[in-house]
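Spelled out, the chains give:
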Amino acid sequence: MTAFEHLVVALAESVPSRAGGPADSIAVQVTDLRLDLPLEARFDDAGLLATLPRGLLATGFDHPLDRVRLTFVLGGSAA
Amino acid sequence: MTQGRAMPVEEFVQAFTAQLDRAQDLLALKARTGRPLTFALRDLAVELHVFWEPDQGGRMLMRHAGPNEAGASTLHFTFTTITKSMVEENTLSLTADEDPRQLDEIGASQALDPHARKRLEWAGVRTVGQLRKLSQNADPKSVQAFTGIPMMQLESLLLQAAEPQVTSQEVVAGGLGVPFLRIRGANLAHGIAPPEVLFSGEPVEVLESSPRELLVRPMSHHHEGKFEVLVGQKRATGFYRLPGEPAPRPGAAPEPSPRGEALKRPDGAQWNDGPRNGHGGAP
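No experiment lies behind these values; they were computed from the predicted model shown.

## Digging into the nonpolar core
Turning to step 1, where the next piece is worked out: Judged by nonpolar contacts, the single largest core of 33 residues is most densely connected at F4, L70 and F72 of chain A together with F12, F16, L44 and L48 of chain B.
Turning to step 2, where the next piece is worked out: Going through the elements one at a time, α1 (4-13), β4 (32-44), β5 (47-51) and β6 (66-75) of chain A together with α1 (9-32), β2 (38-54) and β4 (73-80) of chain B are the ones with two or more residues in this core.
Turning to step 3, where the next piece is worked out: Once residues lying within four places of it in the same chain are set aside, the contact partners of F12 of chain B are F43 and L48 of chain A together with M7, L48, M62 and F77 of chain B.
Turning to step 4, where the next piece is worked out: The next biggest cluster of nonpolar side chains, apart from the first, holds 16 residues, and it includes V166, F199, L214 and F227 of chain B.

## Some details on the interface of chain B and chain A
Turning to step 1, where the next piece is worked out: At the interface, 41 residues of chain B touch 47 residues of chain A.
Turning to step 2, where the next piece is worked out: With both chains or domains summed, chain B and chain A bury close to 3,800 Å², and 62% of this area falls on carbon and sulfur atoms.
Turning to step 3, where the next piece is worked out: At the surface where chain B touches chain A, the tally comes to 3 salt bridges.
Turning to step 4, where the next piece is worked out: For the pair chain B and chain A, the interface holds 15 residue pairs in polar contact (both at pLDDT 80 or more).
Turning to step 5, where the next piece is worked out: Looking at the side of chain B that touches chain A, the elements with two or more residues in it are α1, β2 and β3 (60-64) of chain B.
Turning to step 6, where the next piece is worked out: Here β6 of chain A runs beside β2 of chain B; their pairing, made up of 9 bridges, is antiparallel. The partner of R69 of chain A across the bridge, within β2 of chain B, is A45 of chain B.

## Some remarks on the pattern of salt bridges
Turning to step 1, where the next piece is worked out: Under the defined criterion, the tally for this structure stands at 17 salt bridges over all chains.
Turning to step 2, where the next piece is worked out: We note a salt bridge from E69 of chain B to R63 of chain B, for which the minimum N-O separation is 3.2 Å.
Turning to step 3, where the next piece is worked out: The partly exposed category is assigned to E69 of chain B, whose relative accessible area is 28%.
Turning to step 4, where the next piece is worked out: R217 of chain B is paired through a salt bridge with E205 of chain B; the nearest N and O atoms lie 2.8 Å apart. With R217 of chain B in strand β9 (residues 213-217) and E205 of chain B in strand β8 (residues 202-210), this pair connects stretches of sequence that are 12 residues apart.
Turning to step 5, where the next piece is worked out: Judged by relative accessible area, R217 of chain B falls into the partly exposed class, the value being 31%.
Turning to step 6, where the next piece is worked out: Three or more residues are tied together by salt bridges with common partners; here these are D36, R67 and R69 of chain A together with E47 of chain B.

Parameters at a glance
- Residues numbered from 1 in each chain as written.
- Chains lettered and ligands numbered in written order.
- Predicted model: local features only at pLDDT ≥ 70, side-chain atom pairs only at ≥ 80, totals over all residues.
- Heavy atoms only, no water.
- Core = buried A, V, L, I, M, F, W, Y, C linked by side-chain atoms within 4.5 Å.
- Buried < 20%, exposed > 50% of the residue type's maximum accessible area, 1.4 Å probe, protein only.
- Helix = DSSP H or I, 4+ residues; strand = E, 2+ residues; numbered from the N terminus.
- Contact = heavy atoms within 4.5 Å.
- Buried area = accessible area lost by both parts, 1.4 Å probe.
- Salt bridge = Lys/Arg side-chain N within 4 Å of Asp/Glu carboxyl O.
- Polar contact = N/O pair within 3.5 Å; in protein donor to acceptor, adjacent residues only side chain to side chain.
- Pairing = 2+ DSSP bridges.

Below is the structure:
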């Protein structure tokens, strides 16, 4: 389990925002990213602790899965 | 794996919002490390499986469902990005509240039973100003029906809220080396006539007055003691302490010199001559 904000950042990091470039003669840019994922979560003093489900390692005594939907948009610029 | 703690929804939303702020900060940090563009979180929806349980105070707490626990509620939270101006637009301004004292700060609120206090809170009444507004815009019977607080109790609460009260004071720089005292509180003035303020029993000049704040000019011999604010027939008191050594009171006999000689007044008379013209002597 990790703090929910770290999971959000890790998910945003997991997808490349662009591909290609001058060497490929073409480049593509992701403008928005929508994720719809199952989630294992529990409450903590700091808010929500969360992790993605453990899949094949599940024991059968796990918490019921929650769900999270995230929409990221490309934005910001170098300061 | 432990089940985690149970928490009230409002506490969860506060904590979760803080987590989302941190997530935005972390994502924005990447833009500052040389990446021209980065993802920003725009919308988020989360569905959580929870069970509801009341605590001893009657608050509903949510507890995340544990392993093999069937029948959990599904709680959907949807968050979206809002701008600073939207937050400001939709936030109750504390400075706009005519009386921002918490209900706990007036003694009569202690007499309210906890359920009545809770109902007021649910109705969004947390300050004395909000209670007054609620009572101004509706007849007492409707307020009683709405809040469940008996009319008499509500009236007593409002009466107590109308009493002048001193909550804090601050010494501010004044003219001619005499500090002014800013007195803060509630109901410190009523109408256009300024209240009477006494420092150690002596009236002092009131330079500015409003229900929440007074600015007064103590006399040079006022150093510390009790002050009173008289608003009509009502009274609030506090204690003041001004910086610096106390100046001798006018007409008060000074300490004798080490040689035991009485000091002379500028007019040549001795300090212990007694009052002239029937007044102005030492008390």
